[in-house]
Structure formats: C-alpha cells, structure tokens
Amino acid sequence: MAPGHLLFSLHIPTLTILILLLSQTGNCCFTRIFCFGDSISDTGNYLKSIGDGYHPIRYLPYGETYFGRPTGRFCDGRLILDFIAEAYGLPFIPAYLSGNSIEDHLHGANFAVGGATALNNSYFESKGIEASWTDYSLGTQLEWFKKLLPSILEESGCGSSVMRNALFVVGEIGGNDYNHPLFQGRTLDEVRTFVPDVIRTISLTIHGGMF
Ligand SMILES: *[C@@H]1O[C@H](CO)[C@@H](O)[C@H](O)[C@H]1NC(C)=O
C-alpha cells in the first residue's frame, strides 16, 4: 500500500465493515466519496433497481427520523456513510443508479446495493444455491465505478490526480454471502467454506479499484 492509505476493519456480528481511506494529503480534505457495499450503505440503488416494485423501504417508517420521507435507505434516518459525508462537509452521496448526469456525481457516487453479495451469482449457482436476489454484486459495482470514472476525470480537468482527494468506502459487504445461503437452509459448515472466496473477492475489488 502506498503511503497515506489507511485500512480500518470494524467487526460487528456476522458483518464486516471495511473502510478504505485513500489520500495522499492526509485525511482532512476529501472532495469526493465512492462507496461500495450492500444495504448497510445503500442510499437508493436497490429501490431504483426495482422500478415500481414493492419493497417496505419505499414506505414510512423508513426515513422518518431524519429525512421525514423514505429515501431508499434501509434505515429510519442516516447511514454511517451519511455521517462520514457530513463529517467531511460533503453533501450526501447520491446513488449511482439515481444519477442522471455527471453533475449529480461531483462529490462522488454510491454503488452500494441492498442485498448485494461480494461473490457474484455465478458462484452461488455453481454451488446449487438459488441466486434470486440482486445481481449487483461487488464486481458489477466496480464496473459501474470504472464506467463513471472517465467522465469524472474529464469534468475535473485535472486528470487522475483528482482521485487523491477521494475517499473510498468499501463496506459493509460480505454479510449477504452468508445470509442468502443460510436462509436457503445451507449449513453453517458449508457456508463457512465460502469465507476465503468472499475475502479474496473483496481484496481483489479493492486492488482493482486502485489505479
Ligand atoms: C463471477 O466471479 C468469478 C470469480 O469468482 C469470475 O471468474 C466470473 O467471471 C464472474 N462472472 C460474472 C458473470 O461476472
């Protein structure tokens, strides 16, 4: 890791929150945040992805404590990501799927999707596990980031150096890789064998996001 990279790993039951801070200049002046993850960090992608489909987060009491309306967050108020954005004086980071133009992403983008797994659906299908949830796994989220990146670099006018002041938040991700199979009656012993693959996928994504 280059100087200035900080890696925090915070463990809460069955979930791992992994926050990667990328900065050459210290942690004082982030101008953009990019986030990858699942419902713990989703600020609207899942809801956008299902169109008019039914989901409880479309209704109160989701959002009632802070926003006063549902916002696509799996929460009654702000998420950890929202507090991080506030702490750096940035606006809340908009969901990638809700963005219409590069102007919506001047301060970053949130690629996290509720229900997302680190491993992709092909992995689960190869194990005979029905992958009926969102296929916006970590690999897809990284593809979204790579798709958005050229316009961010172009808009900023300062090439890849613009990323020096970007904060990357990777997490929470990985919990659903265990939840989904467990809900389908898979044993803890079997699900435990996925752990190295989950960790490898998260690590590869973090390295793949570095350029
Ligand atoms: C799914 O992930 C595997 C690695 O675990 C990768 O080889 C494969 O290309 C991915 N498939 C899709 C459809 O993204």
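Residues numbered from 1 in each chain as written. Predicted model: local features only at pLDDT ≥ 70, side-chain atom pairs only at ≥ 80, totals over all residues. Heavy atoms only, no water.

Per an unreviewed UniProt entry, the recorded name for the protein chain is GDSL esterase/lipase, and the organism is Carex littledalei. UniProt, in the comment section headed Sequence similarities (unreviewed entry), describes the protein chain in these words: "Belongs to the 'GDSL' lipolytic enzyme family." (UniProt positions renumbered as here; feature names shortened; annotations may be inferred.)

### Notes on the overall build of the protein chain
On a plain count of helices and strands, the protein chain comes out with seven helices and five strands. Overall, the protein chain shows an N-to-C arrangement of helices and strands of β-β-β-α-α-β-α-α-β-α-α-α. Out of the 211 residues in the protein chain, the part that is buried amounts to 45%. Relative to all contacts within the protein chain whose residues are 6 or more apart in sequence, the contacts with residues 24 or more apart total 63%. A total accessible area of about 10,300 Å² is found for the protein chain, and carbon and sulfur atoms account for 57% of it. (Helix = DSSP H or I, 4+ residues; strand = E, 2+ residues; numbered from the N terminus. Buried < 20%, exposed > 50% of the residue type's maximum accessible area, 1.4 Å probe, protein only. Contact = heavy atoms within 4.5 Å. Areas by Shrake-Rupley, 256 points an atom, 1.4 Å probe, with all protein chains shown as cover.)

### A look at the pattern of salt bridges
Under the counting rule described, the total for this entry stands at six salt bridges. Close ionic contact of R32 with E155 constitutes a salt bridge, the shortest N to O distance being 3.3 Å. Here R32 is found in strand β3 (residues 32-36), whereas its partner E155 is found in helix α4 (residues 138-156), with 123 residues between them in sequence. Under the relative-accessibility criterion, E155 is labelled partly exposed at 35%. A salt bridge links D197 to R200, with the shortest nitrogen-to-oxygen separation between them at 2.8 Å. (Salt bridge = Lys/Arg side-chain N within 4 Å of Asp/Glu carboxyl O.)

### Brief notes about the packing of aromatic side chains
Per the counting criterion, the structure on display carries 20 aromatic pairs. One aromatic cluster is present, formed by F34, F36, Y96, F111, Y136, W144, F145 and F168 through successive ring pairs. Its end group placed over the ring of F92, R73 keeps NZ or CZ at 5.6 Å from the ring centre. (Phe/Tyr/Trp six-rings, centres within 6.5 Å; stacked < 30°, edge-to-face > 60°. Lys NZ or Arg CZ within 6 Å of the ring centre and 35° of its normal.)

### A few points about helix α2 (residues 80-87)
Buried residues of α2: L81, D82, I84 and A85, and no others. One face of α2 carries all of its buried residues, which in axial projection span an arc of 160°. (Arc of directions from axis to C-beta.)

### Focus on the pairing of strand β5 (residues 166-170)
Among the five residues that make up β5, five are buried, leaving the element largely enclosed by the rest of the structure. Neither face of β5 is left uncovered, since the one carrying A166, F168 and V170 and the one carrying L167 and V169 both have all their residues buried. Where β3 lies against β5, five bridges are found, and the strand directions are parallel. Within β5, the residue paired with R32 across the bridge is A166. (Pairing = 2+ DSSP bridges.)

### Notes on the nonpolar core
Among the nonpolar cores identified, the biggest contains 35 residues, and F34, F36, F111, F145, M163 and I202 are the most heavily contacted of them. For this core, the secondary-structure elements that each account for two or more residues are β3, α3 (121-126), α4, β5 and α7 (195-209). Broken down by element, this core gets its largest block of residues, seven residues, from α4. (Core = buried A, V, L, I, M, F, W, Y, C linked by side-chain atoms within 4.5 Å.)

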